[in-house]
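Observations on the three-dimensional arrangement
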Amino acid sequence: MKIQEPANVLSLPPFETTAEEIRKSGEKLLAMSQELTKRIGSQNLADVTLESSLRAIDDLDFDEGQIFGRIYFLQNVHPDPDVREAAREVQVAFQAWCIERAYDEGLFKVTEAFAKKATGLGGEEKKLLEERLKDYRRLGMHLPEIERMELKRLQKKLSEIETHFSKNIQEYNDCLYATLDQLEGLEPSFIESLERDLEGRYRISLEYPEFLPVMEHAHDENLRRELFIKKNNTAAQENSKLLNEMLQLRQEIAERLGYQSWNHYVLEKRMAQTPEKVQAFLDHLESRLRAQADSELKKLQDLKIETTKDLQAEIHIWDYYFYSSLYKKQNFDVNSQTIKEYFPLNQVIDGMFELIRKLFGIKMEEQKAGSFYRWHEEVRLFKVVDESGEGLGYFYLDLHPREGKYNHAAAFGLIDGKQLHDGRYQRPVSAMVCNFPRPSKDRPSLIPHAEVETLFHEFGHILHGLLTRAKYAAFSGTSVAWDFVEAPSQVLENWIWDAEVLQSFARHYERNSDTLSKALIDKMNQARKSGSALFYLRQVALAKSDIEMHREGRDKDSIAISNKIISSVFLPLPQQTAFAAGWGHMTNYASGYYGYAWADVMAADLFSEFKKTGILDHATGRRLRQEIYEPGGSRDENESLKAFLRREPSDEAFFNELLGSA
Ligand SMILES: [Zn+2]
């Protein structure tokens with residue numbers, strides 16, 4: 001007998017279109033959540049079942065997620081400032097309620113009661129129950145009320161200090177004034193864009209669009225040194241103290257919850273699990289990269305000696321960007337302006353969809369304008385359909401910048417995947433938001449290769465969300481451990497460095513038969529590799545500082561710890577700097593910075609399987625889809641990795657890629 005597959009539910013979010021509608025939805029959201037929380041939490045504990053506990057709470061999360069996800073999204077993309085403001089108000093109110101809900105005694109008791117009864121749970125239910133119980137323990141729900149109150153107070157204090165810390169960085173507003181002579185090496189158009197003071201000197205702010213070009217191109221070493229020191233004194237006075245307080249509070253919270261340190265507390269929820277494992281990972285990375293990094297540094301030093309005619313010249317930390325950039329320019333001059341002409345946006349998107357069709361067996365069907373709601377006329381909608389004909393979900397593309405819109409590239413989830421009570425499956429909906437230039441009258445939108453990479457990366461998150469088959473919303477798509485979530489999207493970046501793939505869609509926007517040459521693609525790859533050991537050594541230095549700061553112990557001096565590690569692992573920091581005081585990651589990435597390199601290692605390992613079978617191999621693509629994208633968080637990430645790799649994970653692919661040839 002053939003078992004009938006349960007049907008999929010494919011629906012689009014019922015978007016609010018006015019501030020008034022947003023407010024109404026916000027009220028509905030709060031009322032619904034409060035009522036259901038009360039109803040689930042007040043049931044008779046003797047009669048608790050899987051349905052009335054775990055599933056009911058997941059249903060609640062799912063229902064909330066649909067409304068809140070939509071409103072949060074509109075806050076980021078809606079052209080009307082009133083709509084965005086109303087959405088922001090809903091967000092603030094709802095998030096405050098979410099904290100209350102997390103500590104809700106009723107839901108906790110119901111979960112606990114079910115845990116006592118539940119024997120022989122397997123699969124997703126077992127994992128869901130374990131994670132719920134773990135989350136309650138991490139909130140201190142097992143502690144006597146008086147201790148719990150104290151914990152809540154400490155958490156609140158920590159979050160206030162973190163907000164203060166971020167605000168100090170955001171509002172810090174130092175700058176440097178330079179004469180025209182000092183700006184030698186910089187593009188005239190860049191210099192023209194700088195503000196000038198009454199004496200005609202140019203003002204360089206510490207913001208990246210001004211800081212980075214000066215660090216990369218200004219010939220004047222003193223200028224670079226001075227700017228570097230200023231940048232690394234961002235919010236130094238106040239934030240050094242605040243960071244020390246944050247470390248102290250985190251240690252205290254961790255101890256009260258029964259953990260040795262903040263590292264232990266954070267890492268228990270990650271793939272890495274323990275600080276020892278992270279430390280070993282970083283030590284290993286450092287030792288494998290050291291020789292290559294030394295030789296890269298030597299090349300930069302030779303270049304400095306040649307440029308300055310000073311035989312004693314050394315590479316200082318403020319020289320790093322300048323000589324790295326000069327070295328690349330001299331050795332593999334890839335002109336990003338010329339390359340851009342081979343990447344008209346729509347051609348890139350079509351090429352990406354075609355690649356994904358070949359790899360994963362899914363096609364994207366664009367929906368006709370007028371058949372769906374758009375918050376802006378440039379928005380496009382696609383239906384994702386499996387080669388069997390099964391509808392898998394929808395995604396929106398919102399590609400160009402406008403006033404008040406989210407100004408980076410990101411994937412937003414709008415509807416989670418989830419198995420419904422009648423056995424049908426709610427397919428997900430998501431949206432990709434980017435800021436590519438608009439086409440002009442005589443030119444299509446042309447995007448640099450680095451942005452093509454961003455596009456593929458973000459689309460990786462979209463796929464991870466849309467292909468999900470997890471039963472519970474809690475595990476849908478990208479709901480995985482934080483140190484895993486980037487790997488499934490990172491891996492997709494690899495295809496755009498391959499000549500065969502690039503030549504399939506990188507055609508000149510005017511001369512259509514002219515594709516990007518193999519020689520140029522080779523050069524792009526060399527440039528990509530150049531300096532990568534030093535790049536990762538810097539990552540290791542930062543990750544080690546982060547871990548060291550969050551080790552057990554009290555009364556730590558955050559600046560002394562981080563300055564010492566960065567100086568010994570990467571390049572010496574000048575005495576009068578306080579990098580960590582301006583390090584925004586120290587709020588929500590605490591004990592987690594290693595995750596960037598960790599994900600890169602996994603992504604390289606995943607991609608290495610395609611190198612064995614051919615990078616367009618459908619079977620390997622299918623396997624990536626089934627073992628990595630579809631399970632989401634429904635099983636342990638290590639299991640997913642092993643299922644795809646059909647072996648133990650390894651870092652060899654990462655090192656081969658990096659150290660294979662200089
Ligand atoms: Zn990402």
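Residues numbered from 1 in each chain as written. Predicted model: local features only at pLDDT ≥ 70, side-chain atom pairs only at ≥ 80, totals over all residues. Heavy atoms only, no water.

1. Focus on the pattern of salt bridges
This is how it is decided: Whenever a carboxyl oxygen of Asp or Glu lies within 4 Å of a side-chain nitrogen of Lys or Arg, that contact is scored as a salt bridge. In this text, helices come from DSSP runs of H or I with a minimum length of four residues, and strands from runs of E with a minimum of two, each type numbered from the N-terminal end.
Throughout the structure, instances matching the rule amount to 59 salt bridges. Ionic pairing is found between Lys 544 and Glu 286, a salt bridge with its closest N-O pair at 2.5 Å. Linking Lys 544 in helix H20 (residues 532-549) with Glu 286 in helix H12 (residues 275-308), this pair joins segments that are 258 residues apart in sequence.

2. Points about the sheet that holds strand S4 (residues 202-205)
Heads up, the rule is: Note on pairing: two strands pair once DSSP finds at least 2 bridges between them.
In space, the three strands of this open sheet follow the order S2-S4-S3, with antiparallel pairing throughout. The outermost strands of the open sheet, each flanked by one partner alone, are strand S2 (175-178) and strand S3 (195-196). Of the strand pairs in this sheet, S3 and S4 are connected by two bridges, and their pairing is antiparallel. Its bridge partner lying in S4, Arg 196 is registered against Tyr 202.

3. Let's talk about the domain arrangement of the chain
Just so we agree on the cut-off: Domain delimitation in this document rests on an assignment produced automatically or drawn from a domain database.
Its domain assignment divides the chain into domain 1 (8-142), domain 2 (173-231), domain 3 (236-332 + 531-593) and domain 4 (339-529 + 597-659). The straight-line distance from the C-alpha centre of domain 1 to that of domain 2 is 49 Å.

4. Points about the packing of helix H8 (residues 208-217) against helix H13 (residues 320-331)
Selection criterion: Helix axes are fitted to C-alpha atoms over the stretch in contact, other axes to C-alpha atoms as well, and angles between N-to-C directions run from 0 to 180 degrees. Every angle not falling under 35 degrees, over 145, or within 65 to 115 is termed oblique; those three ranges are roughly parallel, roughly antiparallel and roughly perpendicular. The sense of a crossing depends on the near helix, which, turned anticlockwise from the far helix by less than a right angle, makes the crossing left-handed and, turned clockwise, makes it right-handed. Two residues qualify as a contact provided that any one of their heavy atoms is within 4.5 Å of a heavy atom in the partner residue.
Contact geometry of H8 with H13 gives a least axis separation of 6 Å together with a crossing angle of 65°. Between H8 and H13, the crossing angle belongs to the class labelled roughly perpendicular. The interaxial crossing formed by H8 with H13 has right-handed handedness. Packed against H8, whose contacting residues are Leu 212, Met 215, Glu 216 and His 217, the element H13 presents Tyr 321, Phe 322 and Ser 325 at the interface.

5. Topic: the layout of surface pockets
Inclusion rule: A cavity here means a set of 1 Å grid points, computed over protein atoms only, where a 1.4 Å probe fits but cannot escape. A pocket is an open set with protein on both sides within 12 Å along at least 5 of 7 lines, and lining residues have an atom within 4 Å of a point. Grid points are joined across faces, edges and corners, and a volume is the space filled by probe spheres set on the points.
Each pocket or cavity is described by its volume, and for the second largest pocket that value is around 350 Å³. Phe 281, Trp 598, Val 601, Met 602 and Pro 649 are the residues nearest the centre of the second largest pocket, which is lined by 15 residues in total. Elements supplying a minimum of two residues to the lining of the second largest pocket: H12, helix H22 (595-613) and helix H24 (637-645). Both domain 3 (236-332 + 531-593) and domain 4 (339-529 + 597-659) contribute no fewer than three residues apiece to the lining of the second largest pocket.

6. Quick word on the coordination of the zinc ion
The condition is simple: Keep in mind that water is not among the atoms, so a site may look incomplete; donors are the N, O and S atoms within 2.8 Å of the metal, or 3.2 Å for Na, K and Ca.
Around the zinc ion, the protein contributes the donor atoms His 457 (NE2), His 461 (NE2) and Glu 486 (OE), which lie 2.1 to 2.2 Å from the metal centre. When the donor residues of the zinc ion are listed from N- to C-terminus, their spacing reads H-x3-H-x24-E. Placement of both His 457 and His 461 in helix H16 (residues 449-466) is noted, with a separation of four residues, approximately one turn of the helix.

7. Some points on the side chain of Gln 539
Just so we agree on the cut-off: Burial classification: accessible surface area is computed with a 1.4 Å probe over protein chains only, and a residue below 20% of its type maximum counts as buried, one above 50% as exposed, and the rest as partly exposed.
Position of Gln 539 among the secondary structure elements: in helix H20. Note on Gln 539: relative accessible area 10%, which makes it buried. Those residues in contact with Gln 539 that lie beyond four places of it in its chain are Tyr 593 and Tyr 596.

8. With respect to unusual backbone geometry
The phi dihedral of Ala 235 falls on the positive side, at around 55°, and the residue is not glycine. You will see that Ser 591, though not glycine, has its phi angle at about 65°, which is positive. Mapped onto the elements of the fold, Ser 591 is located in the loop between helix H21 (558-569) and H22. A relative accessible area of 0% places Ser 591 in the buried class.

9. Comments concerning the side chain of His 461
Given the relative accessible area of 13%, His 461 is considered buried. In this view, His 461 contacts Ala 411, Thr 478, Val 485, Glu 486 and Ser 489; residues no more than four positions away in its chain are not counted.

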